[in-house]
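Report on the structure
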Amino acid sequence: MAPAVRSILDAARERPGGDSRVAVDDARSLPAAFAAAEADGRTPVVAEVKPTSPTTEGETDRDPVELAEEMVAGGAAALSVLTEPEHFGGSVENYERVREAVDVPVLRKDFLVTEAQLDAVAADVVLLIARFLGDELAPMVEAARERGMQVLVEVHSEDELERAVDAGAEIIGVNNRDLAALEVDLGTFERVAPAVPEDATLLAESGISTPADARRMREAGADGLLIGTAIMDGDPRENTTRFVNA
Ligand SMILES: O=C(O)c1ccccc1NCC(=O)[C@H](O)[C@H](O)COP(=O)(O)O
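Residues numbered from 1 in each chain as written. Predicted model: local features only at pLDDT ≥ 70, side-chain atom pairs only at ≥ 80, totals over all residues. Heavy atoms only, no water.

Named according to an unreviewed UniProt entry, the protein is Indole-3-glycerol phosphate synthase originating from Halolamina pelagica. UniProt, in its Pathway (unreviewed entry) section for the protein, records the words "Amino-acid biosynthesis; L-tryptophan biosynthesis; L-tryptophan from chorismate: step 4/5." Checking UniProt for the protein, the heading Catalytic activity (unreviewed entry) contains the comment "1-(2-carboxyphenylamino)-1-deoxy-D-ribulose 5-phosphate + H(+) = (1S,2R)-1-C-(indol-3-yl)glycerol 3-phosphate + CO2 + H2O". (UniProt positions renumbered as here; feature names shortened; annotations may be inferred.)

If you want it as structure tokens, here you go:
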């Protein structure tokens, strides 16, 4: 595992959870948002509010709510908001403010390793990373669903995909970023996607930098595209629209 990822994981293990169990009774459906985008001719894009990251220089001081509103105005079907504070400049407060301000589904992007961490904020969708959770993946999927949240299970290999499917994943993201070397290879999605069950909602994650990359991921079977850096760099509204029209 890359040192930065080791550090993310160490910090995640120390992070407390919420004070009480959350119950989400109004989760906004990610598959329905993708279907609505498709119906009016938009490529389903999950635009990410990502203040910084281990592979980005500097940190934006732009307000997350303004960024989020621009992304939605640009046609994003859904948003992703980082809540990891130490390596990504995120927070649960950012998540809450953004969800309050928009009406699309909002993914909570974090590196969750305990059930109590699910209770830090009521989320439409939470990310669970197969590589980090091992045998805890299935119990965490169940714990999130019991709280009314949808789950995006992230995988990077065929083995992890098998574990995700065994854990009951219905929304699956194939991450093109290798958490061992932090290198990005869009070929990862092309390799893993054919084994994803037909009825799953499938996202291509990371490294989508141009509309040509977006088309490549769609041709390989992506129902939706999770895009951070290429939308955050510059004008988030214009950038989102470029991918939505890809
Ligand atoms: O983005 C990073 O530098 C990173 C480093 C270590 C672990 C995870 C990392 N990113 C998390 C993500 O999943 C991405 O923010 C997301 O897929 C968007 O990727 P991109 O479009 O390449 O910004």
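Some points on the UniProt feature "domain: Indole-3-glycerol phosphate synthase" (unreviewed entry) in the protein
This chain's UniProt record puts "domain: Indole-3-glycerol phosphate synthase" (unreviewed entry) on residues 7-240. Between the first and last C-alpha atoms of residues 7-240 the distance is 31 Å; the span itself is 38% helix and 17% strand. (Helix = DSSP H or I, 4+ residues; strand = E, 2+ residues; numbered from the N terminus.)

Here's the deal with the site of the ligand
Around the ligand sit 19 residues, and of these Glu48, Thr55, Lys109, Ser206 and Thr229 come closest. At 2.7 Å from an oxygen atom of the ligand is found a side-chain nitrogen or oxygen belonging to Lys50. Between an oxygen atom of the ligand and a side-chain N or O atom of Ser206, the distance comes to 2.7 Å. Of the pockets mapped on this structure, the ligand occupies the largest pocket. Residue assignment for the shell around the ligand shows that the elements contributing at least two residues are α1 (3-14) and β8 (224-227). (Near = heavy atom within 4 Å. Polar contact = N/O pair within 3.5 Å; in protein donor to acceptor, adjacent residues only side chain to side chain. 1 Å grid on protein atoms, 1.4 Å probe; cavity = no way out; pocket = protein on both sides within 12 Å on 5 of 7 lines; lining within 4 Å. Sits in = over half its atoms within 2 Å of the grid points.)

Examining empty space enclosed by the protein
The tally for this structure, following the rule as stated, stands at two cavities of 30 Å³ or more. Around the largest cavity, the lining residues are Ile129, Arg131, Glu154, Val155, His156, Glu160, Asn175, Arg177, Asp178 and Leu179. Of the residues in the lining of the largest cavity, the class split is three nonpolar, two polar and five charged. Its boundaries defined by the atoms lining it, the second largest cavity holds a volume of some 40 Å³. Considering the residues around the second largest cavity, the lining is formed by Leu30, Val46, Ala78, Leu79, Pro105, Val106, Leu107, Val125, Leu152 and Leu203. (Points joined across faces, edges and corners; volume = space filled by probe spheres on them. Nonpolar A, V, L, I, M, F, W, Y, C, P; charged D, E, K, R; others polar.)

Structural notes on the layout of surface pockets
Reported here for the largest pocket is a volume of approximately 440 Å³. In terms of lining residues, the largest pocket is bounded by 29 residues, among which Glu48, Lys50, Lys109, Arg177 and Ser206 are the most central. A class-by-class count of the residues in the lining of the largest pocket yields 15 nonpolar, eight polar and six charged. The wall of the second largest pocket is formed by 15 residues, among which Arg15, Pro16, Val92, Arg108 and Ala120 lie closest to the centre. Per-element accounting of the lining of the second largest pocket gives the leading share, three residues, to helix α5 (residues 92-101). Considering only residue class, the lining of the second largest pocket consists of four nonpolar, six polar and five charged.

Re the sheet that holds strand β7 (residues 201-205)
Taken in spatial order, the eight strands close into a barrel running β1-β2-β3-β4-β5-β6-β7-β8, and their pairing is parallel. Across the sheet, the axes of successive neighbouring strands diverge by a mean angle of 25 degrees, strand direction being ignored. Strand direction decides the pairing type here: strand β5 (residues 150-155) and strand β6 (residues 171-175), joined by four bridges, are parallel. Bridging from a neighbouring strand, Val153 pairs with Ile172 of β6. (Pairing = 2+ DSSP bridges. Axes fitted to C-alpha atoms, helices over the stretch in contact; angles between N-to-C directions.)

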